[in-house]
Amino acid sequence: MIVLIYGGWLLTVLHWRQLSPWLGTPLLIFFTCWYMSLQHELIHGHPTGHARLNEALGTAPLAIWYPYAVYRDTHLAHHHDERLTLPGVDPESYYLSPKPLSGWRLSLAQWRNTAPGRLLLGPLLGWLATLQAAWRGGRRHAGIWLAHFLLTAALLYAVRLAGIHPLYYVFVVAYPALALAMVRSFYEHRAVSHPAARSVINEAQLPWRVLFLNLNYHLVHHLHPGLPWYQLRARYLERREHYLQLCDGFHETGYLRLLWRHRAKPVIAEFHPFA
């Protein structure tokens, strides 16, 4: 998988002029999004038991927006199931704490929880929140972000040599790739009392399962975070009824149907019901 993702991305960049932007752009978006799924696997201890080696395999800033180390730390903090969805505690929560909001902020929060809002504005809002957290982290995060900016500058210089304008890569490749990754997380968790029922089972079809490395079986991943991606589907199918019972009806049958259903209606309430 690592060879496929890196190799596919690199071959697309090297043959950019022959492919033309019409074919090269969707290929780069796909491989960059796929790379983010790979980074998730590396965070959870695959393919080796050596964290530094795994980190080296995921540090390249193909997706531009986040340093690997920041994603690693926030994602591992997310894996406290008893605190899932709690705003200010779960770093991947889309809920807000119940407090008064001005009209435009409330409208923005509601629109962000629709499919168009999440895909169009979600990457930007997520990136701004990450920068805000980095600013609060001060010197502790300064070295991580400096290294990331230097690596990003080197990457953008390299794609420029291949004929891809750096701004084109940032806004026409990396931004849509992050939006595509947000399809998976659009309705991944909900705020209910039982921790196991907070994570979804989405019986999505190909190519979604490969693109997201089986994280559509999200409850199985949260219950067995050390399980590699290629075993998640088999584990789910072995005990399908058990997992469906645990998720207490939090079950979807695909992503496009889900996005269409929430093209105007928010997928979750903006305020957490029991934060």
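Residues numbered from 1 in each chain as written. Predicted model: local features only at pLDDT ≥ 70, side-chain atom pairs only at ≥ 80, totals over all residues. Heavy atoms only, no water.

**What about the overall build of the chain?**
Part 1 of the argument: Helix and strand content of the chain: 13 helices and two strands.
Part 2 of the argument: By the compact-globule yardstick of 19 Å for 275 residues, the chain fits well, its C-alpha radius of gyration being 19 Å.
Part 3 of the argument: If one aligns the C-alpha atoms of the chain with their principal axes, the spans along those axes are about 50 × 50 × 40 Å.
Part 4 of the argument: When the 275 residues of the chain are sorted by exposure, 47% land in the buried category. (Helix = DSSP H or I, 4+ residues; strand = E, 2+ residues; numbered from the N terminus. Rg over C-alpha atoms; globule rule 2.2 N^0.38 Å. Buried < 20%, exposed > 50% of the residue type's maximum accessible area, 1.4 Å probe, protein only.)

**Focus: the packing of aromatic side chains**
Part 1 of the argument: By the definition in use, this model includes 16 aromatic pairs.
Part 2 of the argument: Relative to Tyr255, the ring of Trp208 lies with its centre 5.5 Å away and its plane at 55 degrees, an arrangement referred to as tilted. With Trp208 in helix H9 (residues 208–211) and Tyr255 in helix H13 (residues 255–261), this residue pair connects regions lying 47 residues apart in the sequence. Accessibility classification places Trp208 together with Tyr255 in one group, the buried group.
Part 3 of the argument: Here the aromatic residues Phe30, Phe31 and Trp34 are joined through ring pairs into a cluster of three or more.
Part 4 of the argument: The ring of Trp260 is capped by Arg263, whose NZ or CZ atom sits 4.0 Å from the centre of that ring. (Phe/Tyr/Trp six-rings, centres within 6.5 Å; stacked < 30°, edge-to-face > 60°. Lys NZ or Arg CZ within 6 Å of the ring centre and 35° of its normal.)

**A few points about the pattern of salt bridges**
Part 1 of the argument: For the coordinates displayed, the defined rule picks out six salt bridges.
Part 2 of the argument: One salt bridge connects Arg240 with Glu203, and the closest N-O pair in it is separated by 2.7 Å. Of the two residues, Arg240 is situated in helix H12 (residues 240–246) and Glu203 in the loop between strand E1 (201–202) and H9; the sequence distance between them amounts to 37 residues.
Part 3 of the argument: In this structure Glu203 comes out as buried when scored by relative accessible area, which is 17%. (Salt bridge = Lys/Arg side-chain N within 4 Å of Asp/Glu carboxyl O.)

**Observations concerning the environment of Ala63**
Part 1 of the argument: The topology assignment puts Ala63 in the loop between helix H3 (51–58) and helix H4 (68–78).
Part 2 of the argument: Residue classification places Ala63 among the buried residues on the basis of a relative accessible area of 10%.
Part 3 of the argument: Distance from Ala63 to Ala177, taken between C-alpha atoms, is 7.3 Å for residues 114 residues apart in sequence.
Part 4 of the argument: Ignoring anything within four residues of it in the chain, the contact list for Ala63 reads Thr32, Met36 and Ala174. (Contact = heavy atoms within 4.5 Å.)

**Here's the deal with the environment of Asp81**
Part 1 of the argument: As for its placement among the helices and strands, Asp81 is situated in the loop between H4 and helix H5 (103–112).
Part 2 of the argument: A relative accessible area of 17% places Asp81 in the buried class.
Part 3 of the argument: Not counting residues up to four positions away in its chain, the partners in contact with Asp81 are Pro195, Arg198 and His222.

**Quick look at the packing of helix H1 (residues 2–14) against helix H2 (residues 16–43)**
Part 1 of the argument: Two elements in contact, H1 and H2, have axes separated by 8 Å at closest approach and are oriented at 155 degrees. As judged from the angle between their axes, H1 and H2 are roughly antiparallel. Here H1 and H2 pass one another in a crossing that is left-handed. Residues Ile2, Leu4, Ile5, Tyr6, Gly8, Trp9, Thr12, Val13 and Leu14 of H1 form the contact with H2, whose own contacting residues are Trp16, Gln18, Leu19, Gly24, Leu27, Leu28, Phe31, Thr32, Trp34, Tyr35 and Leu38.
Part 2 of the argument: Along the lines of polarity and charge, the residues of the contact of H1 with H2 split into 15 nonpolar, five polar and no charged. (Axes fitted to C-alpha atoms, helices over the stretch in contact; angles between N-to-C directions. Parallel < 35°, antiparallel > 145°, perpendicular 65-115°, else oblique. Left-handed = near helix turned anticlockwise from the far one by under 90°. Nonpolar A, V, L, I, M, F, W, Y, C, P; charged D, E, K, R; others polar.)

**Comments concerning helix H7 (residues 139–161)**
Part 1 of the argument: A rise of 1.5 Å per residue sets the reference length of H7, with its 23 residues, at 33 Å; its end C-alpha atoms lie 34 Å apart and thus fit the reference within 8%.
Part 2 of the argument: Three or more residues of H7 are buried, namely His141, Trp145, His148, Thr152, Leu155, Leu156 and Val159.
Part 3 of the argument: Phi turns positive one or two residues past the end of H7, at Gly163, with a value near 105 degrees. (Expected span 1.5 Å × (residues − 1).)

**Let's talk about H2**
Part 1 of the argument: Counted at 1.5 Å a residue, the expected span for H2 with its 28 residues is 40 Å, but the 30 Å between its end C-alpha atoms falls short.
Part 2 of the argument: Maximum bend of H2: about 80 degrees, positioned at Trp22, with proline Pro26 one to four residues after it.
Part 3 of the argument: Where H2 ends, the next residue or the one after it, Gly45, has phi of about 90 degrees, a positive value. (Bend = angle between axes of the 7 residues up to and from the residue.)

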